[in-house]
Amino acid sequence: MRNHVEEFREDLKEFDEMTDKFYKKEINVAQYKGFSGAFGSYAQRGGTASMLRLRLTGGEITKDDLKFIADSIEKYNISLTHFTTCQSLQLHNLSAKEVCKLIQEAFDYGIITRGGGGDYPRNVMCPPLSGVQQGEYFDVLPYAKEAADYLLGFIKKVKLPRKLKVSFSNSKENVTHATFRDLGFVAKENGTFDVYSAGGLGRSPRMGALVATDVAPDKILYHVHAMINTFIAHGNYENRGKARTRFMQESMGTEAYVKAYQEELAKVQNEEDLDLTVRIPEITKQGDGTQSDDPRLIPQKQNGLYALSYHPIGGSPKPDFFRKLYNVILPMEEVCVRISPDEGMYVINLTASEAKKIYPLLTDSAENTFESSIACIGASICQVGARDSQALLRACVDRVRKENFADGVLPKIHISGCPSSCSAHQIAPLGFRGGVKQTPNGPKPAFAVFENGCELQDAEAFGEEPGVILESEIPEFLAELGKEISSCNMTYEQFIDRHHDKFMDILGKYI
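Let me begin by describing the structure that accompanies this report. Just so it is clear, the structure is predicted and the values come from calculations on it, not from any experiment. (Residues numbered from 1 in each chain as written. Predicted model: local features only at pLDDT ≥ 70, side-chain atom pairs only at ≥ 80, totals over all residues. Heavy atoms only, no water.)

### Quick word on the nonpolar core
Leu54, Leu89, Phe322, Leu325, Ile329, Val347 and Ile358 are the most contacted members of the largest nonpolar core, which has 59 residues in total. Here this core takes six residues from helix α5 (residues 96-109), the largest share from any one element. Contact partners of Phe322, with chain neighbours within four places excluded, come to Leu66, Ile69, Ala70, Ile73, Thr81, Phe83, Leu89 and Pro317. Leu183, Phe193, Phe231 and Leu274 belong to the second-largest nonpolar core, a separate cluster that totals 42 residues. (Core = buried A, V, L, I, M, F, W, Y, C linked by side-chain atoms within 4.5 Å. Buried < 20%, exposed > 50% of the residue type's maximum accessible area, 1.4 Å probe, protein only. Helix = DSSP H or I, 4+ residues; strand = E, 2+ residues; numbered from the N terminus. Contact = heavy atoms within 4.5 Å.)

Rendered as structure tokens:
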């Protein structure tokens, strides 16, 4: 990725000029959003501050990256950071001068923000434990990095109808939603990929179409190029609401879409030489003999090593966390950080004794499954958000903590402030999407409810939408639901499977 720095550096002059115009009120929010998104930056609600999104393939943060992030947070006194569900890191509340300086410094360091937003290839996703996860088919991160680097090369060469999201999976957990992304590479036990495309969440969600099977990993770039060409040839350039890849299945029909994709693939295979030679990194570190059964520690496939899970509530760690973490892991061999698609992160390649040194830094971490719920940044920050997702999640956590439910009684909920599905509410066991509800006293802040979604490969399902609930009543709904499930001595999953009618009875009081 660092090879593209010089290619995009000249573009930063125009970013500085347009940012200056926006903060001088010479261009409006929509005009600036259409420009700045291409650089991974957006003005926050109110137009008095900016956000910068750091592009991090597969969410990987090396020690050097962590130092750059910590230095930047301290230099610009950044008061809000946020892990995204696309494995990026957002730095918030930047002034016009600060965002222009920071984006330049990110480029100088080697982190490219180009394409972090706008109608471009976005951050390439990968399971955060790829390469260390027990039971994975194979390590897909090296291939994700190759795809990310290749996609950056298209940013100045082609005009896409809308954004393009590419992801890789390494197991049936499908945490990156590779079977329903714009382009997804799904690892198989035989060491190859099945390829899915033209899927996605949001308005009119679609499962991806299976466009190729048993693709050798060294051939993936042919499929990346074929996807670009198919999107250009058949994507909707006239109607932005219909311009995502999933609408090609609607406009063409899935069978015709698959045929068109395969035709583009054949052309690329005949015209290009895109074979890869990829070195799969080896972890040479060994355990030190210490062991742990702490639930935050996940045993890696490397004997004696662990991945430490950390999930700040709402995906927003305290800004000083990054410096503290850097200082602790600096002397630790082969340790690095991976942002996860559920707004958390893992510190990998730890011994159990090393992990203990990090525990004191995790005081704001979720304490159970429910507290690790996902919420987008919300309407207090986002220009297009309808509801404040972060405030709702905090209210729900505060209310539920009073009941002291056992872990598993309530599920990990997903809260999106608008239909964009930034929290992936449509595949959650229980999800909420921001909107309004008409009441006898006029329109009130509310969320549509989604239930029974699933991301697991071969069991994928978009949740059903039984109704709309007032925002103010959601915490109490969850408390009442948790009490009922606790009285049955069940987990949420067991309760829904055996007593879905009772779930609907409780929900019915609120919708």
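### What to know about the side chain of Ser169
Following the sequence through the fold, Ser169 ends up in strand β6 (residues 166-169). Since its relative accessible area comes to 1%, Ser169 is described here as buried. Aside from chain neighbours lying at most four places away, what touches Ser169 is Pro127, Val140, Asn174, Thr176, Ala178, Phe185, Val186, Ala187 and Phe193.

### Remarks on the sheet that holds strand β7 (residues 183-187)
Spatially, the four strands line up as an open sheet ordered β6-β7-β8-β9, and their pairing is mixed. Edge positions in the sheet fall to β6 and β9 (209-215), since each has one partner strand and no second. Looking at each pair of strands side by side, their axes are set apart by 15° on average, direction ignored. With four bridges connecting them, β6 and β7 associate as parallel partners. Within β7, the position partnered with Ser167 by the bridge is Gly184. Most of the contacts of helix α7 (residues 220-234) go to β7, to which it runs at about 155°, and overall it touches β6, β7, β8 (193-197) and β9. (Pairing = 2+ DSSP bridges. Axes fitted to C-alpha atoms, helices over the stretch in contact; angles between N-to-C directions.)

### Quick word on the pattern of salt bridges
Under the defined criterion, the tally for this structure stands at 34 salt bridges. Here Asp320 makes a salt bridge to Lys324, at a shortest N to O gap of 3.4 Å. The exposure class assigned to Asp320 is partly exposed, which follows from its relative accessible area of 41%. For the salt bridge of Lys483 with Glu403, the shortest nitrogen-to-oxygen distance reads 3.9 Å. Residue Lys483 is located in helix α13 (residues 474-487), and its partner Glu403 is located in the loop between α12 (389-401) and β15 (413-416); the two are separated by 80 residues in the primary sequence. According to the relative accessible area criterion, Lys483 is partly exposed, its value standing at 41%. Taking relative accessible area as the criterion, Glu403 reaches 24% and is therefore assigned partly exposed. (Salt bridge = Lys/Arg side-chain N within 4 Å of Asp/Glu carboxyl O.)

### A few points about the packing of aromatic side chains
A ring pair, where both rings are aromatic, is described by two values, the distance of the centres and the angle of the planes. One pass over the full model with this rule turns up 19 aromatic pairs. With a centroid separation of 4.7 Å and 20° between ring planes, the pair formed by Phe168 and Phe185 is classed as stacked. With Phe168 in strand β6 and Phe185 in strand β7, this pair connects stretches of sequence that are 17 residues apart. Residue classification places Phe168 among the buried residues on the basis of a relative accessible area of 0%. Given the relative accessible area of 0%, Phe185 is considered buried. (Phe/Tyr/Trp six-rings, centres within 6.5 Å; stacked < 30°, edge-to-face > 60°.)

### A look at the state of the cysteines
Within this structure, the stated rule accounts for zero disulfides. Looking at the unpaired Cys418, the closest cysteine sulfur is the one in Cys422, lying at 6.0 Å. For Cys418, a relative accessible area of 11% corresponds to the buried category. Looking at the unpaired Cys454, the closest cysteine sulfur is the one in Cys86, lying at 19 Å. (Disulfide = S-S within 2.5 Å.)

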